[in-house]
2 protein chains.
Amino acid sequence: MRKIRKFSAPEPSMRRLPTYLHVLTRLLRENRLYVSCTFIANELYLDPTQVRKDLALTGIVGKPRVGYSVQELIDKIKAFLGWDVQRDAILVGVGNLGTALLGYQRFRLYGLNIVTAFDKDPRRIDKTIFGVDVLSVEKLPNLILRKKIDIGIITVGEEAAQEVADLMVQGFIKGIWNFAPKTLIVPDDVIVENVQLSVSLGVLTSKMKLFETEKDTV
Amino acid sequence: MRKIRKFSAPEPSMRRLPTYLHVLTRLLRENRLYVSCTFIANELYLDPTQVRKDLALTGIVGKPRVGYSVQELIDKIKAFLGWDVQRDAILVGVGNLGTALLGYQRFRLYGLNIVTAFDKDPRRIDKTIFGVDVLSVEKLPNLILRKKIDIGIITVGEEAAQEVADLMVQGFIKGIWNFAPKTLIVPDDVIVENVQLSVSLGVLTSKMKLFETEKDTV
DNA sequence: CTCCAATAGAGAATTAATTCACGAATAATA
DNA sequence: TATTATTCGTGAATTAATTCTCTATTGGAG
Ligand SMILES: NC(=O)c1ccc[n+]([C@@H]2O[C@H](COP(=O)([O-])OP(=O)(O)OC[C@H]3O[C@@H](n4cnc5c(N)ncnc54)[C@H](O)[C@@H]3O)[C@@H](O)[C@H]2O)c1
Ligand SMILES: NC(=O)c1ccc[n+]([C@@H]2O[C@H](COP(=O)([O-])OP(=O)(O)OC[C@H]3O[C@@H](n4cnc5c(N)ncnc54)[C@H](O)[C@@H]3O)[C@@H](O)[C@H]2O)c1
């Protein structure tokens, strides 16, 4: 196997942390000051010890019999996820999915600041969508170098994904958030995170299938 | 911990299967008849043994020195994921994300057939989007019972997600694909799969952060 | 003030997932 | 036809993740 790089935190834990944040922001709205692992675990159907171990990754220290400070926990999780700093991003491919992402304001809470979008379709170029300018993809190399862009979001079709990734790499992007169902080839110092909705659909339908056959055999 | 139900296949494997399918459909387009684990593993930066174990879940049998039949492998994976049967689905919340999902034709390849969409906003109701009728959410309970609907897709805001889920449950839905950042409370026989894009963004940014600090300390 | 119940934290035990190691099969090649 | 390199399949070994167990702390009840 060729695991590109070894990151310190277990990935299952990293995947759970954002969901804790959801519960916590709700509690903050309800003006709760403290929360226990048990409470979070019950909300999310998880094991309290698992929650505690995950939270420990962020460096938080709790009080016995009380739990953790909700506000402090939010701050610590955000810091751990790298959501305490704003990162400038560009998005390439202003189609159905790209447009939806541009309109999703919540990403700002996670430090994601989409400064410009690109497309190659003349009908989409030189418009403004949800306050973000859409430029011709030809202007990408120039802009990405001029402004300091951390993250590139790929929402073009799979056939164009690699060429878009290449442009981003040339612009010294640090991370790529890839929604196209395509394995990208990038240098070792560029971090790629693939989002594949089909994975999630597969988990759902295969569970449904297993459940159905399970019932039949009982 | 309270794990609702125990499913036979390891979830990490289930999550990898759809990505294999991607490589395989490309190979099919290129008219390749056979493929080895080694090849798939190289494409996806995985370990060949891991790929072999995953594929074994589907019941496929390979030929030494040759590999697996591409077509047969595709069929077996699809069957395992429950993508060999069409499932009727409804989508509730025709906003930015809901619209994008309605326009994504590839889901049909995975057996997902979105027959009707619902919203509560009068401006969206009684229109047709990507060939799918959008009805008032009031008509949901009636329609869901009349037609046999397997899957409910939730793309409303988090504040409305639970009430929409309740409507679906009353309509005897079997599975819910939930895009709202909210833990849904449903009976044991309804399978919920949550999609949270923030999870994926968190993995990306935390890796970027760790990578940056790693470089600093070298 | 004392006891009780709830909780954090840390290490051990268990379970799950991945990786390794090796034998058997087989197509290509000499 | 014999040899070789490749690959599958499987059981063992290793590593990662989860769950259990126990101790210490502390706020609140009596
Ligand atoms: N829509 C969904 O719900 C959905 C779900 C899962 C995955 N995806 C994936 O997301 C990607 C986008 O999907 P979509 O439905 O938005 O597709 P889309 O066709 O609506 O949008 C693609 C956009 O990319 C632009 N584009 C194509 N090539 C380009 C290039 N070289 N440079 C710049 N722009 C380019 C097109 O002009 C178009 O505007 C696809 O890879 C798809 O597989 C989409
Ligand atoms: N847009 C994205 O990129 C994105 C990303 C991640 C998560 N999400 C999540 O997906 C969900 C939808 O996001 P969006 O950006 O499409 O929001 P949106 O506001 O564009 O769309 C929500 C739609 O749901 C409808 N709606 C609200 N309450 C309803 C009800 N009770 N019954 C029927 N319809 C109802 C609204 O009329 C609207 O059309 C949200 O929960 C959001 O957190 C969206």
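These numbers were taken from a predicted model, which means no experiment stands behind them. Residue numbers here run from 1 along each chain, matching the order of that chain's written sequence. Throughout, the order in which chains and ligands are written sets their labels, letters from A for the former and numbers from 1 for the latter. In view of the model being predicted, local features appear only for residues whose pLDDT reaches at least 70, and side-chain atom pairs are presented and counted only at 80 or more, with totals across whole chains, interfaces and linings using the full set of residues. As a rule here, side-chain values cover all heavy atoms of the structure and leave hydrogens and water aside.

### Section: the environment of D88 of chain B
Residues and elements named next belong to chain B.
Alright, step 1. A run of DSSP states H or I qualifies as a helix once it reaches four residues; a run of E qualifies as a strand once it reaches two. Both are numbered from the N-terminal end. Along the chain, the position of D88 falls in strand 3 (residues 87–92).
Alright, step 2. Residues D88 and T25, 63 residues apart in the sequence, show an inter-C-alpha distance of 24 Å.
Alright, step 3. Not counting the four nearest positions on each side in its chain, D88 is found in contact with N113, V115, K148, I149, D150 and I151.
Alright, step 4. Each polar contact in these results corresponds to two N or O atoms within 3.5 Å; when the atoms are within protein, one needs to be able to donate a hydrogen and the other to accept it, and residues that are neighboring in sequence are counted only if both atoms are side-chain atoms. Here N113 takes part through its side chain, which lies 2.8 Å from a polar atom of the side chain of D88. The contact criterion used throughout is that any non-hydrogen atoms of two residues lie within 4.5 Å.

### A closer look at the pattern of salt bridges
Alright, step 1. Salt bridge, as applied in this entry: a Lys or Arg side-chain nitrogen positioned within 4 Å of an Asp or Glu carboxyl oxygen. Evaluation of the coordinates by the stated rule reveals 24 salt bridges over all chains.
Alright, step 2. For E43 of chain B, the salt bridge identified is with R26 of chain B, shortest N-O distance 3.1 Å. Here E43 of chain B, found in helix 2 (residues 37–44), pairs with R26 of chain B, found in helix 1 (residues 11–29); they are 17 residues apart in sequence, far enough to count as distant.
Alright, step 3. E43 of chain B gets classed as partly exposed once you look at its relative accessible area, which sits at 26%.
Alright, step 4. The partner of R123 of chain B in a salt bridge is D121 of chain B, with the nearest N and O atoms 2.7 Å apart.
Alright, step 5. Residues participating in the shared-partner salt-bridge network are R87, D150 and K174 of chain A together with E212 of chain B. When a residue's accessible area, from a 1.4 Å probe over protein chains only, is under 20% of the maximum for its type it is buried; when over 50% it is exposed; and in between it is partly exposed.

### Description of the interface of chain A and chain B
Alright, step 1. The interface of chain A with chain B comprises 70 residues on the first partner and 70 residues on the second.
Alright, step 2. Across the chain A/chain B interface, buried area totals approximately 6,600 Å², and carbon plus sulfur atoms make up 66% of it.
Alright, step 3. It is Y45, L201 and K207 of chain A in chain A that bury the most area against chain B; as a group they hold 10% of the surface buried on that side.
Alright, step 4. Between R87 of chain B and E212 of chain A there is a salt bridge, and its shortest N-O distance comes to 3.1 Å. Summed over both partners, the accessible surface that disappears when two parts come together, traced with a 1.4 Å probe, is what is meant by buried area.

### Remarks on the site of ligand 1
Alright, step 1. Around ligand 1, 24 residues are found, and the nearest of them are L97, D119, R124 and V156 of chain A together with Y104 of chain B.
Alright, step 2. Bordering ligand 1 are residues originating from chains A and B.
Alright, step 3. Taken by itself ligand 1 offers 820 Å² of open surface, and the protein chains cover 86% of this.
Alright, step 4. Sorting the residues of the shell around ligand 1 by element identifies helix 5 (96–102) and helix 7 (158–170) of chain A together with helix 5 (96–102) of chain B as the ones contributing at least two each.
Alright, step 5. With three residues, the single largest contributor to the shell around ligand 1 is helix 7 of chain A.
Alright, step 6. Throughout, the ten residues Ala, Val, Leu, Ile, Met, Phe, Trp, Tyr, Cys and Pro are labelled nonpolar, Asp, Glu, Lys and Arg are labelled charged, and all others, Gly among them, are labelled polar. Each residue belonging to the shell around ligand 1 can be placed in one class, and the counts come to 13 nonpolar, five polar and six charged. To be near a molecule or strand, a residue needs just one of its heavy atoms within 4 Å of it. Surface accessibility follows the Shrake-Rupley procedure with a 1.4 Å probe radius. Residue values consider only the protein chains on display as shielding.

### A closer look at the pairing of strand 3 of chain B
Residue and element names in this part refer to chain B.
Alright, step 1. Most of strand 3 is tucked away: five of the six residues are buried.
Alright, step 2. As paired strands, strand 3 and strand 4 (residues 112–119) are joined by six bridges and run parallel to one another. Directly across from L91, in strand 4, lies its bridge partner A117.
Alright, step 3. Strands pair, by our definition, only if DSSP identifies at least two bridges between them. With four bridges joining them, strand 3 and strand 7 (residues 151–154) adopt parallel strand pairing. Directly across from I90, in strand 7, lies its bridge partner G152.

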